[in-house]
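Survey of secondary and tertiary structure
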Amino acid sequence: MEIYVVPDAPATGVIAAGILAAVVRSKPNAVLGIATGSSPIPVYKALAAHGLDMSQVRAFALDEYVGLRAGHPQSYAEVVRREVTEQLGLDPARVAVPDGGAADPHQAAVNYDAAIREAGGIDVQLLGIGHNGHIAFNEPGSELDSRTRVEVLADRTRQANARYFRSLEDVPTRCITQGLGTILEARQLLMVVRGADKAEVLAAALSGPVSPDCPGSVLQLHPHVTVVADQAAAMHLGACNAQVRVQIATPSP
Ligand code: GLP
């Protein structure tokens, strides 16, 4: 595992975008795993600035709410369209988000898992982490080998995401999420974390026990992981084991 500690959120974007850009340069038809939440926003901004030819790139989102109306501005389909597809100049036909409006969301989840496999798997999966250790929408208690499925959102996750909705009641209670086992099949994982409020959970994920109690701890099971954290999020990483290479990086503007 490689950890980059950078001064601030824009710098997390620059470093992570450099890693994604290198993947796309070496494989113009790369399959990117894309994430929502606030942490990846600077990554997409910085990646757009690379001006790469993204016409052959495919992308799969991690998750989606179940039950929002089509076109709801906070559905991840819309967030991905605004923040990723349009900014990066991706072909919308090559960008997939789980179908949270499907009549049978369980079947939609199974189909999504199969579609990732049929695309040849994900080359690099971008991730954030939630305060309770969730990655994608795999809440504490998720099986380490879980597949894409319908999940019930934890209260803490709904509270954290209420900032995007008019009220807590408007936040959906269910979602479709790639499973931890699905995520672990990506050839490379790239986690972006920022803020002092994530420092404890980041340290728990990277150096605590690998357990469903902290879904982000599955990173320890993957052979090719890069974590990009700002200084505030990295403040408890001192206790990480010796296999972790921490680099202090200051990207040039
Ligand atoms: C959301 C997403 C996750 C994301 C997490 C943290 O619920 N489903 O993919 O990593 O919350 O979001 P943020 O980066 O805004 O803290």
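Computed from a predicted structure; not experimentally measured. Here the residue numbering is sequential within each chain, running from 1 through the sequence in written order. With the structure being a predicted model, the display of local features is reserved for residues of pLDDT at least 70 and the display and counting of side-chain atom pairs for 80 or more, all residues being used for whole-chain, interface and lining totals. Values reported for side chains reflect all heavy atoms of the structure, with hydrogen atoms and water molecules removed beforehand.

In this section: the pattern of salt bridges. Salt bridge, as used here, is a side-chain nitrogen of Lys or Arg placed within 4 Å of a carboxyl oxygen of Asp or Glu. Evaluated as defined, the whole model comprises 9 salt bridges. A salt bridge links Arg 81 to Glu 86; its shortest N-O distance comes to 2.7 Å. Only protein chains enter the accessibility calculation, which uses a 1.4 Å probe. A residue is then buried if its area is under 20% of the maximum for its type, exposed if over 50%, and partly exposed in between. Exposure remark for Arg 81: the relative accessible area of 34% places this residue in the partly exposed category. We classify Glu 86 as exposed; its relative accessible area is 52%. Between Arg 166 and Asp 170 there is a salt bridge whose closest N-O contact spans 3.4 Å.

With that settled, consider the environment of His 72. Topologically, His 72 is positioned in the loop between β4 (63–65) and α3 (76–88). Only heavy atoms enter the contact rule, under which two residues are in contact if any of them lie within 4.5 Å. Apart from the residues lying within four places of it in its own chain, the contact partners of His 72 are Glu 78 and Phe 165. Counting from the N terminus, the helices are the DSSP runs of H or I reaching at least four residues and the strands are the DSSP runs of E reaching at least two.

With that settled, the discussion passes to α3. Because the α-helix completes a turn every 3.6 residues, residues three or four places apart line up on one side. Bend at a residue means the angle formed by two fitted axes: the first through the 7 residues ending at that position, the second through the 7 residues beginning there. The largest bend in α3 comes to about 30°, at Arg 82. The secondary structure elements touched by the buried residues of α3 are β2 (31–34), α2 (41–48), β3 (58–61), β4, β5 (95–96) and α5 (155–161). Where α3 ends, the next residue or the one after it, Gly 89, has phi of about 70°, a positive value.

Below, the discussion takes up the nonpolar core. Counting residues in each nonpolar core, the largest one holds 66 residues, and the members touching the most others are Ile 34, Ile 135, Met 191, Leu 202 and Leu 219. Looking at this core element by element, the count peaks at 9 residues for helix α1 (residues 9–26). Filtering out sequence-adjacent residues up to four positions away, Ile 135 remains in contact with Leu 127, Gly 128, Ile 129, Leu 180, Ile 183, Met 191, Pro 215, Gly 216, Val 218 and Leu 219. Joining through side-chain atoms within 4.5 Å is the link that ties buried Ala, Val, Leu, Ile, Met, Phe, Trp, Tyr and Cys residues into a set, and such a set is a nonpolar core. Membership of the second largest hydrophobic core comes to 10 residues, among which are Tyr 76, Val 79, Leu 153 and Val 171.

What follows is about the site of the ligand. Any residue with a non-hydrogen atom lying within 4 Å of a molecule or strand is treated as near it. Around the ligand, a shell composed of 13 residues is seen, among which Ser 38, Ser 39, Asp 63, Arg 163 and Lys 198 lie nearest. We define a polar contact as two N or O atoms separated by no more than 3.5 Å, with the added condition that, inside protein, one atom must be a possible hydrogen donor and the other a possible acceptor, whereas residues neighbouring each other in sequence contribute only through side-chain atom pairs. Take Ser 38: an N or O atom from its side chain is 2.6 Å from an oxygen atom of the ligand. At 3.0 Å, a side-chain N or O of Arg 163 approaches an oxygen atom of the ligand. For the ligand, whose accessible area on its own is 390 Å², the fraction buried by protein is 94%. Taken together, the residues of the shell around the ligand sort by class into 4 nonpolar, 6 polar and 3 charged. To be clear on the numbers: accessible area is Shrake-Rupley with a 1.4 Å probe, and residue cover counts the displayed protein chains and nothing else. Residues are grouped as follows: Ala, Val, Leu, Ile, Met, Phe, Trp, Tyr, Cys and Pro are nonpolar; Asp, Glu, Lys and Arg are charged; all remaining types, including Gly, are polar.

As for its placement among the helices and strands, Ala 96 is situated in strand β5. Counting along the chain gives 65 residues from Ala 96 to Val 31, while the straight-line C-alpha distance between them is 11 Å. Once residues lying within four places of it in the same chain are set aside, the contact partners of Ala 96 are Ala 59, Phe 60, Ala 61 and Tyr 112.

Glancing now at the sheet that holds strand β7 (residues 149–152). DSSP-based pairing: two strands are paired if at least 2 bridges between them are found. The strand order β4-β8-β7 describes an open sheet built from 3 strands, whose pairing is antiparallel. Since the sheet does not close on itself, it has two edges, and those belong to β4 and β7, each with one partner. Here the average twist between neighbouring strands, direction ignored, is 30°. Where β4 meets strand β8 (residues 174–177), 3 bridges bridge the pair, whose relative direction is antiparallel. Considered in β8, the bridge of Tyr 65 is made with Cys 175. Only the contacting stretch of a helix is used when fitting its axis, a line to C-alpha atoms as for every element, and angles between N-to-C directions run 0 to 180 degrees.

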